[in-house]
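# Chain and residue survey
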Amino acid sequence: RYQMATTLHTNEDVGEVRDHLKVFSIQSWVCHGYVGNKCVVFALQTLGIEVDTINTVQFSNNTGYPSWKGQVLGGDDVWSLFEGLLQNDLAHYSHLLTGYNASVSSLRILVKIRDKLKEINPSMLHVCDPVLGDEGVMYVPQELIQVYKEEIIPGADILLPNQYEAEMLSGIKITNQTDALTAIDKLHQMGVKTVIITSLYYGPPDHIILLASTPDPTTPGSHRRFYISVPRIEGYFTGTGDLLAALLLAWSGTEPDLKVAVEKAVSTLWRVLKRTSTIRKETRGDLPPPVRAEGKAVLAPYSEIRLVQSRQDVVSPER
């Protein structure tokens, strides 16, 4: 026998349902851990936002492990899934979120999908996390850089590169804030309206800097710029860029002030990483840093982010 619960939880218990937002996210998926769409779906749904997905890859786990298994979708496969949505009149979205893509063909299909979605909803926004690599290591084929520069960035509304990706896309080596702003200007010139470089390392060694540039509504042709300096949490974590992209999309869709949206997103991410680090130390002690071999990180020991345990930080970030 089962006894029916007598308490019904209202929307106020878990956060607001944001019916005006509906996201289409096209990026990777893993069975274990939190990267790509695995991060995105949890974060957006926790914040009361509907999200549909296409998984460009489906792997057993992320590629930081010694081995992985799975499949990569080609461009035709991605388009076939999208066609199914079109045929049933289901492709109505406020935002398109794109992340990891492993092939030129699937990346070019994104342009075709974006064009169709903007035809259906001209006010739809494309939030692009141009996943190329990090800390000098490429995750994807080199030829994807040119596709991003010539075909993806010109139609994107919000671009979220890390420092390495900003350097690859702009051609500017970043060693200080002047370099970073020059790189942002180059990216604006390609057509993207808002640029947020999500991790810069020219500041104090114990901090990471986020630098944002967005159109200033009071002065046509100019940009409002601001930065946030965040205390660094030691350790190697995956999925941080994917989670931040989802949080930035969610809060920028509800907060009229981009700075407030960024502060909320960064606050949540920092607390997720802090909790992950604390749980790791409690369960496994102090761990040595990851080493690099053959151009990739060998994550031994390895740490997945503790996203489920941090769900309250997703709903109610502190500023």
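The rules behind the values
- Residues numbered from 1 in each chain as written.
- Predicted model: local features only at pLDDT ≥ 70, side-chain atom pairs only at ≥ 80, totals over all residues.
- Heavy atoms only, no water.
- Helix = DSSP H or I, 4+ residues; strand = E, 2+ residues; numbered from the N terminus.
- Buried < 20%, exposed > 50% of the residue type's maximum accessible area, 1.4 Å probe, protein only.
- Contact = heavy atoms within 4.5 Å.
- Areas by Shrake-Rupley, 256 points an atom, 1.4 Å probe, with all protein chains shown as cover.
- Core = buried A, V, L, I, M, F, W, Y, C linked by side-chain atoms within 4.5 Å.
- Salt bridge = Lys/Arg side-chain N within 4 Å of Asp/Glu carboxyl O.
- Pairing = 2+ DSSP bridges.
- Axes fitted to C-alpha atoms, helices over the stretch in contact; angles between N-to-C directions.
- Phe/Tyr/Trp six-rings, centres within 6.5 Å; stacked < 30°, edge-to-face > 60°.
- Expected span 1.5 Å × (residues − 1).
- Right-handed = clockwise from strand over helix to strand, strands pointing away.

This part is about the overall build of the protein chain. Tallying secondary structure elements over the protein chain gives 10 helices and 13 strands in all. Expressed as a percentage of the 319 residues in the protein chain, the buried residues total 48%. Across the protein chain, every contact between residues at least 6 apart in sequence was considered, and the portion connecting residues at least 24 apart equals 69%. Working note: accessible area of the protein chain is about 15,600 Å², and carbon and sulfur atoms make up 52% of it.

Moving on, we come to the nonpolar core. If you look at the biggest cluster of nonpolar residues, it comprises 48 residues, and the most contacted ones within it are F24, F82, I113, L117 and Y148. When residues in this core are grouped by element, the largest group, six residues, is from helix 4 (residues 104–120). Core analysis: the next-biggest nonpolar cluster, separate from the first, contains 44 residues, V51, L160, F226 and L258 among them.

Inspection of the secondary structure puts I145 in helix 5 (residues 144–152). For I145, a relative accessible area of 8% gives the class buried. Sequence separation between I145 and V131 is 14 residues; the distance between their C-alpha atoms is 9.7 Å. Setting aside anything within four residues of it in sequence, one finds I145 in contact with L132, M138, M168 and L169.

Before going further, it helps to examine the side chain of T268. Within the element layout of this structure, T268 appears in helix 9 (residues 258–284). Overall, T268 belongs to the buried group, its relative accessible area being 1%. Excluding anything up to four places from it in sequence, T268 contacts L247, D313, V314 and P317.

On to the environment of L47, then. Note that L47 resides in the loop between helix 2 (37–46) and strand 2 (50–59). The spatial distance from the C-alpha of L47 to the C-alpha of S316 is 9.2 Å, given a sequence separation of 269 residues.

Charged atoms that come close allow side chains of opposite charge to pair. Under the definition given, this model contains 11 salt bridges. Close ionic contact of R108 with E151 constitutes a salt bridge, the shortest N to O distance being 2.9 Å. Here E151 lies in helix 5 and R108 lies in helix 4, a separation of 43 residues in the sequence. Since its relative accessible area comes to 42%, R108 is described here as partly exposed. Residue E151 is classed as partly exposed on the basis of its relative accessible area of 25%. Among the charged side chains, a network of salt bridges with common partners joins K118, D157 and K193.

For the rest of this paragraph, the subject is the sheet that holds strand 3 (residues 70–72). Here we have nine strands laid out as an open sheet, ordered 3-2-1-4-5-8-9-10-11, and mixed in their pairing. Across the chains shown, the open sheet's two edge strands, defined by having one partner strand only, are strand 3 and strand 11 (223–231). Pairing of strand 1 (residues 22–30) with strand 2 involves eight bridges; the strand directions are parallel. Directly across from S25, in strand 2, lies its bridge partner T53. With respect to the sheet, helix 8 (residues 240–252) is in contact with strand 1, strand 4 (95–98), strand 5 (125–128), strand 8 (158–159), strand 9 (194–200) and strand 10 (207–215), its orientation differing from that of strand 4 by roughly 165 degrees.

With that settled, the discussion passes to the packing of aromatic side chains. This structure, assessed with the given rule, holds five aromatic pairs. Between F24 and F82, the ring centres sit 6.0 Å apart and the planes meet at 25 degrees, which makes this aromatic pair stacked. Note that F24 is positioned in strand 1 and F82 in helix 3 (residues 75–87), a separation of 58 residues in sequence. F82 carries the same exposure label as F24, and that label is buried. Judged by centre distance (5.3 Å) and plane angle (50 degrees), the ring pair of W79 and F82 falls under tilted. On the criterion of helical spacing, the pair formed by W79 and F82 is a turn pair, its members being three residues apart in helix 3. Each residue in the set F24, W79, F82 and Y93 is aromatic and connected to the rest through ring pairs, giving one cluster.

Helix length check: helix 8, at 13 residues, gives a terminal C-alpha distance of 18 Å against a target of 18 Å (1.5 Å per residue), a fit within 8%. Burial of helix 8 is extensive: 10 of the 13 residues sit out of reach of the surface. For helix 8, every residue scored as buried is listed here: D242, L243, L244, A245, A246, L247, L248, L249, A250 and W251.

Right, let's get into the pairing of strand 5. Of the pairings in the sheet, the one linking strand 4 to strand 5 comprises four bridges and is parallel in character. Within the sheet, the bridge partner assigned to L96 lies in strand 5 and is H126. For the crossover that starts at strand 4, traverses helix 4 and ends in the parallel strand 5, the hand is right-handed. Two elements, strand 5 and strand 8, share two bridges in a ladder whose sense is parallel. Note that in strand 8 the partner of V127 across the bridge is I158.

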